[in-house]
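Listed below, chain by chain, are the residues.
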Amino acid sequence: MKKQRLVALIIAVIMILGFVVVVVQKNGVNAENSFEFFSMDTVMKITYYGDDQEHRLQDRIHNYIYDLDNKLSVTNDQSEIYKLNNSSGEKIKVSDDTYEILKRSVEIAKKTGGGFDPTIYPVVKLWGFTTGQYRVPPENEIKNELKKVDYNNIELFDGNLVRIKPGTMVDLGACAKGYLSDKICEMIREDGHDGIVSLGGNVQTVGTKPDGNAFVVGIVDPFDTKSIYKKVESSDTAVVTSGNYERYFEEGGKRYHHIFDRSTGAPAQSGIASVTVSGEEGFLCDAYATAIFVKGETLARSFVSENPGYKVDIIYTDKSSKQIG
């Protein structure tokens, strides 16, 4: 009983603090260094190959994740995003990371016609996805919150200054993990290692496995999440999935998922169960996985035509599927 209580306490500490757990740590040229922890509401696992006896790369990665989470959190009153959301229209100076993510988010929002929109947070909050107090709000409340949703309400100035229209609220959760995986992979590459970064539905690789073969990433079957719909070989590639099975609640016999359409203020009804975008850059894959889920196949085709080397796998709610690219 004491042992069970101790294990429960350790798990609680991990969940609250994002404490690092070393899974495997060996020395040598092809040594596997693997650790995992909880951050950004996601269990993260990072694995890289090569000697790192002092855990310097591991510490560097962990510190960066912790720092970025503290900058982007919508609930931490010390974060840059929280301060921006409560700025009453004043200009706020933010870090290079936050400014870069905001800048690119606005660019993608414009290119996708709002399929991806970093200001959808008031609507997501209304439905209870930020608090766990889920509900289907009445139409008048949805319409009122939609008035606050518009990526054009974000203004970016020189010197990392940002201003948003009062009432507008930013949440970068739909692209933050993509940005983060790019940065972690950059650190692994700069340190001379190969590896794989798994941040929930975001997986990104550096180089190959020690035997020279590509990593293999499984795309989850949205109708049976314990099964794999498809396996994808990945070398220096991000594989990012957005699906209706990741976060949802049920009411009145109907499922309501967490990916919202700004045109309706409700969970997107595009006939899609999941979208997986594969390509070189995690940020782009992450943002477009959401946008394509909302907008559908037409956006997927235009994205692939404009970004050679990227692929999109769509699984529809009728269980049919299609690969584009």
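Q: For this particular structure, what's the right way to read the overall build of the chain?
A: Broken down by element type, the chain carries nine helices and 18 strands. For 325 residues, the compact-globule estimate of 2.2 N^0.38 gives 20 Å, and the C-alpha radius of gyration of the chain, at 20 Å, lies within 12% of that figure. Evaluated residue by residue, the chain yields a buried proportion of 50% over its 325 residues. As displayed, the chain has an accessible area near 15,800 Å², and 47% of this comes from carbon and sulfur atoms. Separation of charge centres in the chain, based on 38 positive and 45 negative side chains, amounts to 4 Å.

Q: Hey, could you run me through the layout of surface pockets in this one?
A: The rolling of a water-molecule-sized probe over the atoms marks out the regions of remaining empty space. Within this model, the second largest pocket holds a volume of roughly 220 Å³. If you trace the second largest pocket, you find 13 residues lining it, with G200, G201, G218, V220 and Y245 closest to the centre.

Q: Would you mind going over the sheet that holds strand 5 (residues 154-157) with me for this structure?
A: Consider a sheet: its strands pair through backbone hydrogen bonds, and that pairing is either parallel or antiparallel. The three strands are arranged 4-6-5 in an open sheet whose pairing can be described as antiparallel. Since the sheet does not close on itself, it has two edges, and those belong to strand 4 (92-93) and strand 5, each with one partner. Here strand 4 pairs with strand 6 (residues 161-164) via two bridges, running antiparallel. Residue K93 lies in a different strand from strand 6, and its bridge partner there is L161. Lying on the sheet, helix 4 (residues 96-111) is in contact with strand 5 and strand 6; it crosses strand 5 at an angle near 125°.

Q: Sorry, what's going on with the pairing of strand 6 here?
A: Sheet faces and side chains relate simply in a regular strand, where the side chains alternate between the two faces. Judged by which residues are buried, strand 6 turns out to be one-sided: V162 and I164 face inward and are buried, whereas L161 and R163, on the alternate face, are not. Of the strand pairs in this sheet, strand 5 and strand 6 are connected by four bridges, and their pairing is antiparallel. Bridged to I154 within strand 6 is I164. Where strand 5 folds back onto strand 6 in an antiparallel hairpin, the turn is made up of three residues, including G159, whose phi is positive at roughly 80°.

The rules we used
Residues numbered from 1 in each chain as written. Predicted model: local features only at pLDDT ≥ 70, side-chain atom pairs only at ≥ 80, totals over all residues. Heavy atoms only, no water. Helix = DSSP H or I, 4+ residues; strand = E, 2+ residues; numbered from the N terminus. Rg over C-alpha atoms; globule rule 2.2 N^0.38 Å. Buried < 20%, exposed > 50% of the residue type's maximum accessible area, 1.4 Å probe, protein only. Areas by Shrake-Rupley, 256 points an atom, 1.4 Å probe, with all protein chains shown as cover. Lys, Arg positive; Asp, Glu negative; His and termini not counted. Charge placed at Lys NZ, Arg CZ, Asp CG, Glu CD. 1 Å grid on protein atoms, 1.4 Å probe; cavity = no way out; pocket = protein on both sides within 12 Å on 5 of 7 lines; lining within 4 Å. Points joined across faces, edges and corners; volume = space filled by probe spheres on them. Pairing = 2+ DSSP bridges. Contact = heavy atoms within 4.5 Å. Axes fitted to C-alpha atoms, helices over the stretch in contact; angles between N-to-C directions.

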